[in-house]
Amino acid sequence: MNKLVISLSFALAAFGANVHAAGDAGAGKAKSAACAACHGTDGNSAAPTFPKLAGQGADYLAKQLANFKSGERKNAIMQGQAAGLSEQDMADLGAYYAAQAPKLGKTNPESLEVGEKLYRGGNAKTGVPACMSCHGPTGVGNAPAKFPALRGQFAAYTESALKAFRSGERANDAGQMMRNIASKMSDGEIKAVSEYVVGLR
Ligand code: HEC
Ligand code: HEC
């Protein structure tokens, strides 16, 4: 390849990486009717078995829907829900839920100390990094990087997500980022940090 071809292909690769369907929150609202029974009309789900989607990053949400559809993230209910969605539908749904206000909760006082320490400082002894470094000091995540928001999420869901990463049952994390972290966490740490982020703000 000559230099021009090489630089052109780099330019195209960079361009391609940034191209994805832009979401329309209004269109997403109409498409979210099918989701409301489990995730609530505004993404504040009524039961802890259904994760809250309100205020979550749009690109993270679209990625999860694509992962459910492809089977890269396994869940029988969500695979069925995502099966008929186009890339545009996923972007629209992501934009809609990202624009909704999440209902935050309260940290169980018993988990405050252990949970906060792990979230802010990690565990140097076992090599668990501070969650804050990717998920943000207030748990809002990092939307462009697709690091999800954790604040306000039901503890039971966060706990099951961490355990799924730890066992490898959930394996849709780029570069095994979360599997590597969760594999070093104890049950006690998982419970404490899950109860901590409920009230994080
Ligand atoms: C019958 C109940 C049900 C319906 C309807 C449903 N979901 Fe879900 N959804 C779930 C469950 C259960 C999970 C948790 C899956 C897991 O633990 O991996 C989930 C997880 C998700 C997640 C992952 C959230 C995260 O934090 O990673 C997204 C995104 C999502 N659903 C979007 C949708 C959208 C969009 C629709 C409508 C097109 C929808 N869901 C319809 C039950 C449902
Ligand atoms: C190096 C960056 C990084 C660090 C540090 C990190 N995470 Fe994550 N986390 C991610 C990424 C990326 C994802 C999304 C994976 C995907 O695409 O599904 C994620 C996803 C999660 C999820 C799933 C959220 C959902 O809605 O399903 C939970 C829970 C979570 N992380 C908790 C933690 C906790 C607790 C810590 C600290 C012990 C931590 N993370 C540290 C990058 C990180």
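To be clear, the structure that these remarks concern was listed above.
Here, residues in each chain are numbered from 1, in the same order as that chain's written sequence. Chain A is the first chain written and ligand 1 is the first ligand written, with later ones labelled in order. Reporting in this predicted model follows two pLDDT cut-offs: at least 70 for local features of residues, and 80 or more for side-chain atom pairs to be given and counted; totals over whole chains, interfaces and linings ignore these cut-offs and use all residues. As a rule here, side-chain values come from all non-hydrogen atoms in the structure, and water together with hydrogens is ignored.

Colleague: What is the right way to read the overall build of the protein from this model?
Modeller: When you go through the protein residue by residue, the secondary structure sums to 11 helices and 0 strands. Radius of gyration means the value over C-alpha atoms here, while the globule rule gives 2.2 Å times the residue count to the 0.38 power. A globule of 201 residues ought to have a C-alpha radius of gyration of about 17 Å, and the protein, at 18 Å, matches this closely. Each principal axis of the C-alpha distribution contributes one length, and for the protein these read about 60 × 45 × 30 Å. Counting over 201 residues, the protein shows a buried share of 41%. The method behind every accessible area is Shrake-Rupley, applied with a 1.4 Å probe, and residues are considered shielded solely by the protein chains displayed. Looking at the protein as shown, the accessible area adds up to about 10,900 Å², and 62% of this sits on carbon and sulfur atoms. In this tally, Lys and Arg are treated as positive and Asp and Glu as negative; His is ignored, and so are the chain termini. By convention, charge coordinates are those of NZ in Lys, CZ in Arg, CG in Asp, or CD in Glu. The positive charge centre, built from 22 side chains, and the negative charge centre, built from 16, are 2 Å apart in the protein. For the purposes of this entry, the term helix denotes a DSSP run of H or I that reaches at least four residues, the term strand denotes a run of E that reaches at least two, and both are numbered from the N terminus. The buried label applies to any residue whose accessible area, calculated with a 1.4 Å probe on protein chains only, is under 20% of its type's maximum; exposed applies above 50%, and partly exposed to all values in between.

Colleague: How should I be thinking about the site of ligand 2 in this particular structure?
Modeller: By convention in these notes, a residue is near a molecule or strand provided one of its non-hydrogen atoms lies within 4 Å of it. The environment of ligand 2 is formed by 25 residues, the closest being Cys131, Cys134, His135, Tyr157 and Met178. Throughout this description, a polar contact denotes any pair of N or O atoms lying within 3.5 Å of each other; where both atoms belong to protein, one of them has to be capable of donating a hydrogen while the other can accept it, and for residues adjacent in sequence the pair is counted only when both atoms sit in side chains. Between asparagine 172 and ligand 2, the recorded distance is 3.3 Å, taken from a side-chain N or O atom to an oxygen atom. Secondary-structure elements contributing two or more residues to the shell around ligand 2 are helix H4 (58-70), helix H8 (132-135), helix H9 (155-167) and helix H10 (177-182). When residues in the shell around ligand 2 are grouped by element, the largest group, 4 residues, is from H9. Nonpolar residues are Ala, Val, Leu, Ile, Met, Phe, Trp, Tyr, Cys and Pro. Charged residues are Asp, Glu, Lys and Arg, and all others, Gly as well, are polar. Residues belonging to the shell around ligand 2 are distributed by class as follows: 17 nonpolar, 5 polar and 3 charged. Where each domain begins and ends follows an automated or database-derived domain assignment. Domain assignment of the residues forming the shell around ligand 2 places at least three in each of domain 1 (20-98) and domain 2 (109-198).

Colleague: What is the right way to look at H4 in this model?
Modeller: With 13 residues, H4 should cover 18 Å at 1.5 Å per step; its first-to-last C-alpha distance of 19 Å lies within 8% of that length. All buried positions along H4 are accounted for by Tyr60, Leu61, Ala62, Gln64, Leu65, Asn67 and Phe68. Two residues qualify as a contact provided that any one of their heavy atoms is within 4.5 Å of a heavy atom in the partner residue. Residues of H4 that are buried make contact with helix H5 (76-82) and helix H6 (87-98). Following H4 by one or two positions, glycine 71 has its phi on the positive side, about 90°. The span you would expect from a helix comes to 1.5 Å times its residue count less one.

Colleague: I keep staring at the site of ligand 1 and nothing clicks. Help me out?
Modeller: Around ligand 1 sit 20 residues, and of these Cys35, Cys38, His39, Tyr60 and Met78 come closest. For ligand 1, an oxygen atom lies 2.8 Å from a polar atom in the side chain of arginine 73. In the model, an oxygen atom of ligand 1 is placed 3.2 Å from a nitrogen or oxygen of the tyrosine 157 side chain. Of all the elements in the fold, those that place two or more residues in the shell around ligand 1 are helix H3 (36-39), H4 and H5.

Colleague: What should I look at first to understand the coordination of the iron atom of ligand 1 in this one?
Modeller: Octahedral six-donor coordination of a metal ideally yields angles of 90 or 180 degrees, compared with 109.5 degrees for tetrahedral four-donor coordination. The coordination sphere of the iron atom of ligand 1, as far as protein atoms go, consists of His39 (NE2) and Met78 (SD), spread over 2.0 to 2.2 Å. Because water is not among the atoms used, a metal site may look incomplete, as its donors are only the N, O and S atoms within 2.8 Å, or 3.2 Å for Na, K and Ca. Square planar and octahedral assignments, for four and six donors respectively, both demand that opposite donors be over 155 degrees apart and that all other angles lie between 65 and 115; tetrahedral needs four donors with all angles between 85 and 135 degrees, and anything else is irregular. Taken together, the 6 donor atoms coordinating the iron atom of ligand 1 and their angles of 87 to 179° define a geometry best described as octahedral. Residue histidine 39 is found in helix H3, and its partner methionine 78 is found in helix H5; the two are separated by 39 residues along the sequence.

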